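The chain contents come next:
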Amino acid sequence: MITKRLQIQLEKIFVLAVLTIFPFSVHAQFSYDLQGHRGSRGLMPENTIPAMIKALDLGVTTLEMDLAITKDGKVILSHEPFMNPVICLTPEGEEIARDDHSFNIYQMTYEEVLAFDCGSKVHPGFPQQVKFFATKPLLCDVFEVAEKYAKDMGLPSPRYNIEIKSSPEGDGVYHPGIAEFSDIVVKLISNSIGWERVNIQSFDFRVLKYIHETYPEVPLAMLVENAANYQEDLEDLGFVPEFYSPYFLALNQEIVEILHQKGMKVVPWTVNTKEQMEKLLDMGVYGIITDYPNLAPKR
Ligand code: G3P
Ligand code: CA
């Protein structure tokens with residue numbers, strides 16, 4: 001039986017091995033904000049340290065990631081507040097049933113979270129992902145590794161686009177209430193990396209409103225599904241955030257211009273072909289969030 005500590009060591013060794021075998025560092029400079037979605041989900045298991053390192057190697061300027069909170073109050077990277085059956089295996093290495101959301105991260109200690117492997121299973125949507133044992137990392141460890149890696153490799157210091165994943169139904173069940181969730185995250189970032197290269201993003205306007213009122217120094221991105229509803233969404237939010245981040249499909253030149261006039265930077269997600277990226281860059285967007293930073297146009 002491999003101990004958890006050994007598993008983590010193996011994961012670190014894997015990262016070093018991958019970086020040694022594939023010295024793909026292009027270190028490209030982009031004139032726009034190239035954001036690696038969940039690190040580089042198209043190429044590495046999502047929201048893991050290897051996904052962040054790969055993204056840095058491909059020249060991303062911002063690392064995009066999602067947060068969850070454990071029972072013992074640790075801030076970790078995870079898109080879902082539970083072990084997603086699509087990407088995770090149980091501590092015994094077994095599959096999780098398709099609709100089973102019972103492995104609730106908010107009801108587990110971080111020690112317990114570390115026993116789950118969310119990197120070995122082949123992701124049907126991202127077959128190019130390199131497969132290996134991978135755990136959900138602590139946000140503080142992601143900062144430490146990414147900052148050190150960028151420095152050691154002579155790369156620009158990355159930005160971080162950090163999503164608080166919450167919903168009214170999840171309050172107290174899958175995550176703390178939004179004030180507590182936001183307080184934990186803001187405190188961690190204020191006490192570590194600071195806000196010069198970090199923004200918080202959320203689909204949950206309660207989070208954005210709370211942070212805007214309580215921590216006005218924190219840069220915010222509003223996440224929305226449909227750019228066509230920008231007017232109602234901005235009215236609902238009640239203030240103009242620094243970033244407007246919509247699903248890319250409904251975005252057009254006219255909306256981009258209106259959003260610019262209102263003073264926002266437009267950063268659509270999740271743009272996974274070169275053609276789509278070119279089209280959006282031609283509209284004048286500030287940045288692109290992609291699972292495939294390797295496809296990003298050099299301009
Ligand atoms: O940051 C935008 C994007 O990450 C939002 O979608 O579901 O991948 O978190 P999702
Ligand atoms: Ca996200």
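Residues numbered from 1 in each chain as written. Chains lettered and ligands numbered in written order. Predicted model: local features only at pLDDT ≥ 70, side-chain atom pairs only at ≥ 80, totals over all residues. Heavy atoms only, no water.

Draft legend 1. Inspection of the site of ligand 1 at higher detail. Residues in contact with ligand 1, as listed here, are H37, R38, E64, D66, H79, E163, K165, Q201, F203, L223, W269 and I289. Between ligand 1 and E64, the relevant distance is 2.8 Å, taken from an oxygen atom to a side-chain nitrogen or oxygen of the residue. Separating an oxygen atom of ligand 1 from a side-chain N or O atom of E163 is a distance of 3.0 Å. Protein chains shield 92% of the accessible area of ligand 1, which is 290 Å² for the free molecule. Split into classes, the residues belonging to the shell around ligand 1 amount to four nonpolar, three polar and five charged. (Near = heavy atom within 4 Å. Polar contact = N/O pair within 3.5 Å; in protein donor to acceptor, adjacent residues only side chain to side chain. Areas by Shrake-Rupley, 256 points an atom, 1.4 Å probe, with all protein chains shown as cover. Nonpolar A, V, L, I, M, F, W, Y, C, P; charged D, E, K, R; others polar.)

Draft legend 2. Main features of the pairing of strand 1 (residues 33–36). Alternating residues of strand 1 divide into D33 and Q35 and L34 and G36, and every residue in both groups is buried. Two elements, strand 1 and strand 9 (residues 287–290), share four bridges in a ladder whose sense is parallel. What sits directly across from G36, in strand 9, is T290. When strand 1 meets strand 2 (residues 62–69), the two strands line up parallel, connected through two bridges. What sits directly across from G36, in strand 2, is L63. (Buried < 20%, exposed > 50% of the residue type's maximum accessible area, 1.4 Å probe, protein only. Helix = DSSP H or I, 4+ residues; strand = E, 2+ residues; numbered from the N terminus. Pairing = 2+ DSSP bridges.)

Draft legend 3. View of the environment of L77. Of note, L77 is situated in strand 3 (residues 75–77). A residue is classified by how much of its surface remains accessible, and L77, at 0% relative accessible area, is buried. A sequence separation of 60 residues divides L77 from P137, and the C-alpha atoms of the two residues are 5.7 Å apart. Leaving out residues up to four positions away in the same chain, L77 has contacts with N47, M52, M65, D66, L67, K136, P137, L139 and V142. (Contact = heavy atoms within 4.5 Å.)

Draft legend 4. Spatial organisation of the packing of helix 6 (residues 205–214) against helix 7 (residues 230–237). Running from N to C, helix 6 and helix 7 cross one another at 50 degrees; their axes reach a closest spacing of 10 Å. Viewed along their axes, helix 6 and helix 7 adopt a mutual orientation that is oblique. Mapping the contact onto sequence places F205, L208 and K209 in helix 6 and D233, D236 and L237 in helix 7. Classifying every residue of the contact of helix 6 with helix 7 gives three nonpolar, no polar and three charged. (Axes fitted to C-alpha atoms, helices over the stretch in contact; angles between N-to-C directions. Parallel < 35°, antiparallel > 145°, perpendicular 65-115°, else oblique.)

Draft legend 5. Here's a closer look at the packing of aromatic side chains. For the coordinates displayed, the defined rule picks out ten aromatic pairs. Here the aromatic rings of F143 and Y160 are separated by 4.9 Å at their centres, their planes lie at 85 degrees, and the arrangement is edge-to-face. Residue F143 is located in helix 4 (residues 139–152), and its partner Y160 is located in strand 4 (residues 159–164); the two are separated by 17 residues in the primary sequence. Both residues of the pair, F143 and Y160, belong to the buried class. Members of the aromatic cluster, joined through ring pairs, are F203, Y247, F248 and W269. Seen from the ring of Y286, K265 lies directly overhead, with NZ or CZ sitting 5.1 Å from the centre. (Phe/Tyr/Trp six-rings, centres within 6.5 Å; stacked < 30°, edge-to-face > 60°. Lys NZ or Arg CZ within 6 Å of the ring centre and 35° of its normal.)

Draft legend 6. How the structure looks around the nonpolar core. If you look at the biggest cluster of nonpolar residues, it comprises 64 residues, and the most contacted ones within it are I162 and I200. By residue number, the principal contributor to this core is helix 4, which donates six residues. The contact partners of I200, leaving out residues within four places of it in the chain, are I162, I164, V185, I189, W195, I211, V218, P219, L220 and A221. Among the nonpolar cores identified, the runner-up in size contains 14 residues, and A68, I105, V113 and C118 belong to it. (Core = buried A, V, L, I, M, F, W, Y, C linked by side-chain atoms within 4.5 Å.)

Draft legend 7. Molecular detail of the side chain of T70. Inspection of the secondary structure assignment puts T70 in the loop between strand 2 and strand 3. Polar contacts involving the side chain of T70 include one to the side chain of D72, which spans 2.6 Å. Within polar-contact distance, the side chain of T70 engages the backbone nitrogen of K74 at 2.9 Å. Those residues in contact with T70 that lie beyond four places of it in its chain are I76, I105, Y106, M108, T109, Y110 and V113.

Draft legend 8. Structural detail: the side chain of H37. Relative to the helices and strands, H37 resides in the loop between strand 1 and helix 2 (49–57). For H37, the residues in contact, after removing those within four places along its chain, are E64, T270, I289, T290 and D291.

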